[in-house]
Amino acid sequence: RAACLQVNSLRELANVRRYGLTNPVAVVPNGVTIPSEGQLRTRSEFDREFPELAEKKIALFLSRLHEKKGLRHLIEAWSRLRRGFTDWHLVVAGPDDGFEGAIRAILKARDLEDSVTLTGPPHGEAEQSAFAAADVFVLPSFSEGFSMAVLEALASGLPIVITPGCNFEEATDAGAGFQAEPNAEDTERVLRDMMLMTDEERREMGERGRNLVKQRYTWDRVAEDMLEVYQWMIEGGDPPVCIVKD
């Protein structure tokens, strides 16, 4: 009997309808704080902790270390790429969610410990420092609801490599990154394309993503949308544009 349901994405809306609920639905995403221009260049904390990576280009994975996040096929793809891209390094950041031991075993078995670094979970300034140090953000996940890590990477001006399961077609449609199927072959292909781009091409791609976030995913925009939803629920009248009634 809810007057309105709220979801983060069109994929979630489709799931609500598939479940059989016919209530009006407000499609309002999570928001993010946009880093300042100064914060985008604040990588000093990362460089202090990992000075050996200061001269490397960095592909950053930042999420829970869980098998559904696609780390197994990401590492398989990286093992195929690393010999042709010795100036690149894969950084895996995030809290263990039952898969860290398996990751370390795979890295050792494939002799990848010199080209992949596990940092543990970054917090606060350390997280923004990791985004500032990275050249590409990659999340080859099988399934996401609405990934805050992808949103934060876009807000930080990073080009992204994601999967259909990340539910962020708006970003790839805007030219802010590439989409790969969640398997080693396609992840390798798409990462290769990203790594072969020039620094300027990646910067322009990242800027498109940052502009998308500024337009649609700031907390101010989210607050305005939710205020319109509450006013419509109380006062009636024409529904706001974020409401889907059928």
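Conventions we followed
Sequence order as written defines the numbering, with residues in each chain counted from 1. Given that this is a predicted model, residues contribute local features only at a pLDDT of at least 70 and side-chain atom pairs are listed and counted only at 80 or more, while totals for whole chains, interfaces and linings are drawn from all residues. For the side-chain quantities, the full set of heavy atoms in the structure was used; hydrogens and water were omitted. Here a helix means four or more residues in a row that DSSP labels H or I, a strand means two or more in a row labelled E, and each is numbered from the N terminus. Categorising residues by exposure relies on relative accessible area from a 1.4 Å probe, with only protein chains included: less than 20% of the type maximum marks a residue as buried, more than 50% marks it as exposed, and the intermediate range marks it as partly exposed. When checking whether two residues touch, look at their non-hydrogen atoms; a contact exists if any pair is within 4.5 Å. Salt bridges are defined by distance alone: a side-chain nitrogen of Lys or Arg within 4 Å of a carboxyl oxygen of Asp or Glu. In this description, a disulfide is simply a cysteine sulfur pair whose atoms lie within 2.5 Å. Side-chain rings of Phe, Tyr and Trp, where Trp is taken by its six-membered ring, are said to pair if the distance between their centres is within 6.5 Å; with planes under 30 degrees apart they count as stacked, over 60 as edge-to-face, and otherwise as tilted. In protein, a polar contact means a hydrogen-donor-capable atom and an acceptor-capable atom, both N or O and within 3.5 Å, with residues adjacent in sequence counting only if both atoms are side-chain atoms; elsewhere, any N or O pair within 3.5 Å suffices. A patch is a set of surface residues, each over 30% in relative accessible area and not in a salt bridge, joined within 9 Å for like charges and within 5 Å for the nonpolar side chains Val, Leu, Ile, Met, Phe, Trp and Tyr. Each accessible area value is a Shrake-Rupley result obtained with a 1.4 Å probe; residue values ignore everything except the protein chains displayed when judging cover. In this description, strands pair whenever DSSP reports at least two bridges between them. Here the term right-handed applies to a crossover when the path leading from its first strand over the helix to its second strand runs clockwise, the strands being oriented away from the viewer.

(A) Summary view of the overall build of the protein chain. Helix and strand counts for the protein chain stand at eleven helices and nine strands. By its C-alpha atoms, the protein chain is 60 × 40 × 30 Å across when sized along the principal axes. Each of the 246 residues in the protein chain was classed as buried or not, and the buried ones make up 50%. Relative to all contacts within the protein chain whose residues are 6 or more apart in sequence, the contacts with residues 24 or more apart total 68%.

(B) Geometry of the pattern of salt bridges. Summed over the entire model, instances satisfying the criterion amount to 18 salt bridges. The salt bridge partner of E188 is R192, with a shortest N-O separation of 2.9 Å. Remark: R192 and E188 occur in helix 9 (residues 184-196); sequence separation between them is four residues, near one turn of the helix. Judged by its relative accessible area of 15%, E188 falls in the buried class. The class of R192 is partly exposed, set by a relative accessible area of 32%.

(C) Region of interest: unusual backbone geometry. For D111, which is not a glycine, the phi torsion comes out positive at approximately 55°. Residue position: D111 is located in the loop between helix 5 (100-109) and strand 5 (116-120). At N167, a position not held by glycine, the phi torsion is positive, near 60°. Tracing the backbone shows N167 in the loop between strand 7 (160-162) and helix 8 (169-173). Residue N167 is classed as buried on the basis of its relative accessible area, which comes to 6%.

(D) Structural view of the state of the cysteines. Counted according to the given criterion, the structure contains zero disulfides. Not part of a disulfide, C242 finds its nearest cysteine sulfur in C4, a span of 7.5 Å. With a relative accessible area of 10%, C242 lands in the buried category.

(E) Representation of the environment of H66. Tracing the chain through its elements places H66 in the loop between strand 3 (57-62) and helix 4 (71-81). Placed 31 residues apart in sequence, H66 and D97 show a C-alpha to C-alpha distance of 5.1 Å. If sequence neighbours within four positions are ignored, H66 has contacts with L71, D97 and F99.

(F) Structural detail: the packing of aromatic side chains. If you walk through the whole model with that rule in mind, you get five aromatic pairs. When the centroid spacing of 6.2 Å and the interplanar angle of 50° are considered together, the rings of F131 and F137 count as tilted. Across the pair, F137 and F131 agree in class, each one buried.

(G) Expanded view of the environment of W232. By the element assignment, W232 lies in helix 11 (residues 219-235). Judged by its relative accessible area of 12%, W232 falls in the buried class. Along the primary structure W232 and I243 are separated by eleven residues, whereas in three dimensions their C-alpha atoms are 9.8 Å apart. When neighbours within four sequence positions are excluded, W232 is seen to be in contact with C4, P24, G237, D238, P239, P240, I243 and K245. Side-chain polar atoms of W232 contact the backbone oxygen of G237, separated by 3.2 Å.

(H) Looking closely at a nonpolar patch on the surface. Together, Y230, M233 and I234 make up a nonpolar patch on the protein surface, roughly 350 Å² of accessible area in all. By secondary structure assignment, the location of Y230 is in helix 11. Here Y230 falls in the partly exposed class, since its relative accessible area comes to 48%.

(I) Inspection of the pairing of strand 5 at higher detail. The pairing of strand 4 (residues 88-93) with strand 5 spans four bridges and is classified as parallel. Paired with A93 across the bridge in strand 5 is G120. One crossover worth recording links strand 4 to the parallel strand 5 by way of helix 5, and it is right-handed.

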